[in-house]
Amino acid sequence: MTVPYSLFPITQMRLKNISSCFFLVWFIVLGEIQFIKFLSPQLGLLPVLAQTGEESLAEEAWRLYELGYEQTDRGQFQEALATFERALAMAREVADRHLEGVILNDIAVIYRILGDYPQALEFLNQAFTLRQDINDTSGIGQTLVNFGAVYQSLADYPQSLDYYQQALPILQGEQERYGEAVILTNMGELYRQLGQPKKALASFENALSLFEEEDDRFAMGIALANIGAAYDALGEFSQSLEFYQKSLAIATEVEDTLGIGQTWINIGAIHEKLADYPQAIQAYQQGLAIMTELGEVDSIGQAFNNLGSVHRRMGDYSQALDFYDRALEIRETIGNRAGMAVTLNNKGVALFEAGKLPEATETLYAGIDVLESLRPGLSDINKVSIFDKYRQTYGVLQKALIAQNQAEKALTVAERGRARAFVELMAKRLSPEAVQEFADRQIPPPTIPDIQQVAAEQNATLVEYSIVGDNSAKNSVLFIWVVKPTGEITFREVDLSQLERFRDNLVPFLVGEETDAQPEFLLTGLVRGSRSFITETLPSIPEKKIYPRHLKQLHELLIAPIADLLPQNPEDKVIFIPHQELFFVPFPALLDENDRYLIERHTILTSPGIQVLQIARQAKRDRPRETAGALVVGNPVMPIFARNPGEPEVGLGNLPAAEQEATAIAAMLNTQPLIGSEATETVVVERMGSAGIVHLATHGLLDDFSESGLLGAIALAPSDRDDGLLTSEEIIRLELNAGLVVLSACSTGGGSITGDGIIGLSRAVIGAGAESVIVSLWQTDDRASAQLMQEFYRLLPQTGDRAVALRQAMLATMQEYPDVRKWALFTLIGESATR
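Report on the accompanying structure.

### Some details on the packing of aromatic side chains
Part 1 of the reasoning: Applying the stated criterion to the full structure yields 16 aromatic pairs.
Part 2 of the reasoning: When the ring of Y231 is compared with that of F243, the centres are 5.6 Å apart and the planes differ by 20°; the resulting orientation is stacked. With Y231 in helix α10 (residues 217-233) and F243 in helix α11 (residues 237-253), the pair connects residues that are 12 residues apart, well separated along the chain.
Part 3 of the reasoning: By relative accessible area, F243 is classed as buried at 13%.
Part 4 of the reasoning: Ring centres of F479 and W481 lie 6.0 Å apart, and the angle between their planes is 70°; on these two criteria the pair is classed as edge-to-face.
Part 5 of the reasoning: The exposure class assigned to F479 is buried, which follows from its relative accessible area of 2%.
Part 6 of the reasoning: In textbook terms, an aromatic cluster arises when at least three aromatic residues are bridged by ring pairs, as seen for F128, F147, Y151 and Y163.
Part 7 of the reasoning: Over the aromatic face of F243 sits the side chain of K246, whose NZ or CZ is 5.0 Å from the ring centroid.

If you want it as structure tokens, here you go:
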């Protein structure tokens, strides 16, 4: 459950080449000598000057600057500061403004090394103003990158990314490829901090290629360490260790003392993950000794944190807590918020395991508070990524509260730990007054009275699941809360310790071959242990049979423990709030011991979180929708596209059944369908905003075409104004007023599993403003789906409720198509009532 290493950068400056910093890895802060060499050759290092008094002073200023650089190179940072201050005074006396800007920049870098971020920003501001005055373009780029690095250390990721993006066009191009490599490295580290290791790895590898072109051994060593850390984050430890060892060899070769120290800390983290604790302690202590000698305080804090984690894993809680307290003292002093969040989490876990539950609870709440302070200002997908990176804290806190018989408080933590970015995305649909209220602060998580009010307003029974555990089944549990419309809250716990192992996701469980394996083994498909990040894609269920035995086991695990709490009237609604892989459970199809499907007993819908329902209902009250009719699309001319860069283009098959479905439904909704070449992406987008109902019968895709982390696209007809692929990233930017969007295509409910729910088409549609969305969990059967959809639209005006209409349509379709794949594939997410 712990994060056994620092989650924040540790700075190093090495002016002979570049300045750098670590976040387990190093990200590069621009120093000056390398850029004088490559970008500003007009400066030179020691100008040849006539021996006048003023010119001798100018020469002396440069000599002092070189001395300061050598002191920095040896890790003598305080001495270097004193030398730079003398050189700065001389540069000002002889009016050498270029040198003045160089020295101001490098003083800032040293303050960042020492963890004095306010001083670093002060000197960077002076350097930036001066360099603007003298129109020093490359110097401006360097200082922008250093601004980004300081804000990255302060966990102000939006500011950091903004500075890097400002610097990139300045430091790009044939003449400044080194600067481009530096920014690629820094942005790669930022992606890693945000929990996007694949993007980080790509950036680091591109940077390594550029450094190799420059034949810069020092920079190559940093790049190799960065790649090692990316592999570490991806869980590929042998690859990680290999790159760390290559980095260590280069750091030793070029006498990079700080690099040697940090790489030992990185190697220690890998040994810890491999449970080789003596080796981990030895590596950490080697790194700590070097960092202590250098006075590199952030790295010292990192080493203390890591040593605490090793001792916790060994059961030596007294020693672990001592190391955590020393790490916290350092991280609080220098303002390293992300590091504080990590150490507070780790300390909370140690206290919990030591049986000190009140102290653990207090510490974990403090960790959550710090964690949530990192999120304001981030983009939607980056909020999702950074939350997933730290989400184990919420699970441990739930355990601690449950152990103290505080089940309702644990429910508020479960809500606080899910769908936070989704809630903030949806809040943009509130009244202008409410939007302004939350403009400068986060939306507070729901309280128990809020949760009870949601159940009452929805007139539904809420069922919230929370899977809490590590990467083995040994300590895993399933928490379930049931909230009745009356406000009564009941908690149940399902022990998962009997499960032998976890599988990667739920899909193999649902379609696994019939065997004589014990139920304990088969049930393992339900659970995934907590990880630092989860970005795997849920594939669609292939064309195999979904076995009744599996559906019964799902019912036994998820429904049987709470069956006595669910409503007896089949017309009463039950809203399931799944967690992790449970989002892919076909709840309507779960079978009880009497072979009755759950949809026969209950009216069902799902939601990523209880607060999502609260915000959706508030938005419905705040902003009445003005819509005009329905938009129905069927079987558009399919686009031709490459799924990945460099791959050959492919086409999609014709869908005559989808055309028939659209034609029939359009007649029921009193509109004309868009068919074939008429259904261009441009035309569909233009009409979606005003439509009250949107029904799209076409191909659905789960690719990340925009490389934004938002998976999914709807295939429409291409035109000279578009490519025919309406991606999730494009959908989420729309302003929809539809009460209902139906994505009648294969696997439109799929996507990436995160703590925010499934990141895919359904989230994009709700985030764009739709009240509700119906999506499919697997591949559709054309005839059965068309019949189910037509029955749904026939019933919708009669019932005035989407969940009720969908239930009755499923029951009717079940009579003709009893195979569960043909009637149970659709799920309703969002608001149920049409009025």
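And the narrative resumes.
### Topic: the packing of helix α8 (residues 177-193) against helix α9 (residues 197-214)
Part 1 of the reasoning: Running from N to C, α8 and α9 point in directions that differ by 160°, and their axes come no closer than 8 Å. With respect to α9, the axis of α8 lies roughly antiparallel. Relative to α9, the crossing made by α8 is left-handed. Between α8, through R177, Y178, E180, A181, V182, L184, T185, G188, E189, Y191 and R192, and α9, the contact on the second element is made entirely by K199, A200, S203, F204, N206, A207, L210, F211, E213 and E214.
Part 2 of the reasoning: Its residues placed into classes, the contact of α8 with α9 shows 10 nonpolar, four polar and seven charged.

### Here's the deal with the nonpolar core
Part 1 of the reasoning: The biggest cluster of nonpolar side chains holds 200 residues, and the ones touching the most others in it are Y465, L478, L558, F587 and W823.
Part 2 of the reasoning: Listed in part, the 43 residues of the second largest apolar core include V384, L631, V694 and I766.

### Quick notes on the pairing of strand β7 (residues 573-577)
Part 1 of the reasoning: Of all five residues in β7, five are buried, a share of seventy percent or more.
Part 2 of the reasoning: Burial of the side chains of β7 extends over both faces: K573, I575 and I577 are buried on one face and V574 and F576 on the other.
Part 3 of the reasoning: Bridge count for strand β4 (residues 460-468) against β7 is five bridges, and the pairing is parallel. Directly across from L462, in β7, lies its bridge partner I575.
Part 4 of the reasoning: In this structure, β7 lies alongside strand β8 (residues 603-606), joined through four bridges in parallel fashion. When the sheet's bridge partners are listed, K573 is paired in β8 with T603.

### Notes on unusual backbone geometry
Generally, phi is negative for residues other than glycine and the peptide bonds are trans, each holding for most cases.
Part 1 of the reasoning: Backbone geometry at E255 places phi at a positive 55°, although glycine is not the residue there.
Part 2 of the reasoning: Tracing the chain through its elements places E255 in the loop between α11 and α12 (257-273).
Part 3 of the reasoning: Phi angles above zero are rare outside glycine, and Q580 is one such case at about 55°.
Part 4 of the reasoning: Following the sequence through the fold, Q580 ends up in the loop between β7 and α27 (598-601).

### Quick notes on the environment of V765
Part 1 of the reasoning: Here V765 lies in helix α32 (residues 761-767).
Part 2 of the reasoning: Along the backbone, V765 and I732 are 33 residues apart, and their C-alpha atoms lie at a distance of 6.4 Å.
Part 3 of the reasoning: Contact partners of V765, with chain neighbours within four places excluded, come to I731, L736, V741, L743, A770 and V773.

Reading the values: the criteria
Residues numbered from 1 in each chain as written. Predicted model: local features only at pLDDT ≥ 70, side-chain atom pairs only at ≥ 80, totals over all residues. Heavy atoms only, no water. Phe/Tyr/Trp six-rings, centres within 6.5 Å; stacked < 30°, edge-to-face > 60°. Helix = DSSP H or I, 4+ residues; strand = E, 2+ residues; numbered from the N terminus. Buried < 20%, exposed > 50% of the residue type's maximum accessible area, 1.4 Å probe, protein only. Lys NZ or Arg CZ within 6 Å of the ring centre and 35° of its normal. Axes fitted to C-alpha atoms, helices over the stretch in contact; angles between N-to-C directions. Parallel < 35°, antiparallel > 145°, perpendicular 65-115°, else oblique. Left-handed = near helix turned anticlockwise from the far one by under 90°. Contact = heavy atoms within 4.5 Å. Nonpolar A, V, L, I, M, F, W, Y, C, P; charged D, E, K, R; others polar. Core = buried A, V, L, I, M, F, W, Y, C linked by side-chain atoms within 4.5 Å. Pairing = 2+ DSSP bridges.

Just distances and angles here, no functional claims.
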